[in-house]
Amino acid sequence: MEQRDLFGNIISPTPNEKIMTGLTKIINGEYLFYRNFFSKAESDMYLQTLQENIDWKQESMNMYGKQVNFPRLTAWHGDTNKPYSFSGITLKPRTWTKELITIKEKIEPLSKVVFNSVLLNRYRSGNDSISWHTDAEKELGLNPVIASVNFGATRKFQLRHLHNKEKIEIELTHGSLLIMQGELQHYWQHQVPKTSKVVGERINLTFRVIKL
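Residues numbered from 1 in each chain as written. Predicted model: local features only at pLDDT ≥ 70, side-chain atom pairs only at ≥ 80, totals over all residues. Heavy atoms only, no water.

Chemist: Any chance you could break down the sheet that holds strand E12 (residues 167-172) for me, citing the residues and the numbers?
Modeler: Across a sheet, paired strands are connected by hydrogen bonds in the backbone, their directions being either parallel or antiparallel. Strand order in the open sheet formed by 4 strands is E9-E14-E11-E12, with antiparallel pairing between adjacent strands. The open sheet has two edge strands with one neighbour each: strand E9 (130-133) and E12. For this sheet the average axis-to-axis angle between neighbouring strands, irrespective of direction, equals 15 degrees. (Pairing = 2+ DSSP bridges. Helix = DSSP H or I, 4+ residues; strand = E, 2+ residues; numbered from the N terminus. Axes fitted to C-alpha atoms, helices over the stretch in contact; angles between N-to-C directions.)

Laid out in structure tokens, this is it:
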């Protein structure tokens, strides 16, 4: 229940209260979700800055003998010696921008991890998506911590257990933070499906640790 001061203003939770209310334990994993981790002003600023200052790429992959474009734009930033391979492509990171460093440093105390890389996805409309997958590449090591930051349009994020097919759905809102940890990447797939609804742009940043 919301707490209010004498003037009727909502009292924001302290970081410790966020930790206590944010953790959700599920079979074979756990996650933390904070709907308004970044303020609207911060989120608006980061959305515009990332749209304008990131060198977005249209990557493609070979599927059934044809090159097929990813249904989204991507970028990879991080430490210069940490390439990342997925879906048949290898990305070499660009250097950190000051905005990415600021976001990274703000989420690391909750994640309890020092991230060295971030994958950025730009969803231009409801037609852009990412299909079922896990972030369990060997470069990420055992039980990786993945921190997902979202700016822009609200989109559905779905989790699906690999064995019992249980599904969990989370609305990823403007300024939200989702941290996936424990065994989750080894037992749960996740996706952001297409939607027929008219939605604006969304930029997602997934911070991670690439191991040598």
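Chemist: Explain the pairing of strand E13 (residues 176-181) to me, using residue names and the numbers behind them.
Modeler: Consecutive side chains along a regular strand alternate between the two faces of the sheet. The buried count for E13 comes to 6 of 6 residues, which makes it a mostly enclosed element. On E13, burial covers both faces: Ser176, Leu178 and Met180 on one face and Leu177, Ile179 and Gln181 on the other are all buried. Sheet topology note: the strand E2 (residues 29-34)/E13 ladder contains 5 bridges and is antiparallel. Along E13, the bridge assignment pairs Glu30 with Gln181. The pairing of strand E10 (residues 146-152) with E13 spans 5 bridges and is classified as antiparallel. By the bridge assignment, Ile146 is partnered in E13 with Met180. (Buried < 20%, exposed > 50% of the residue type's maximum accessible area, 1.4 Å probe, protein only.)

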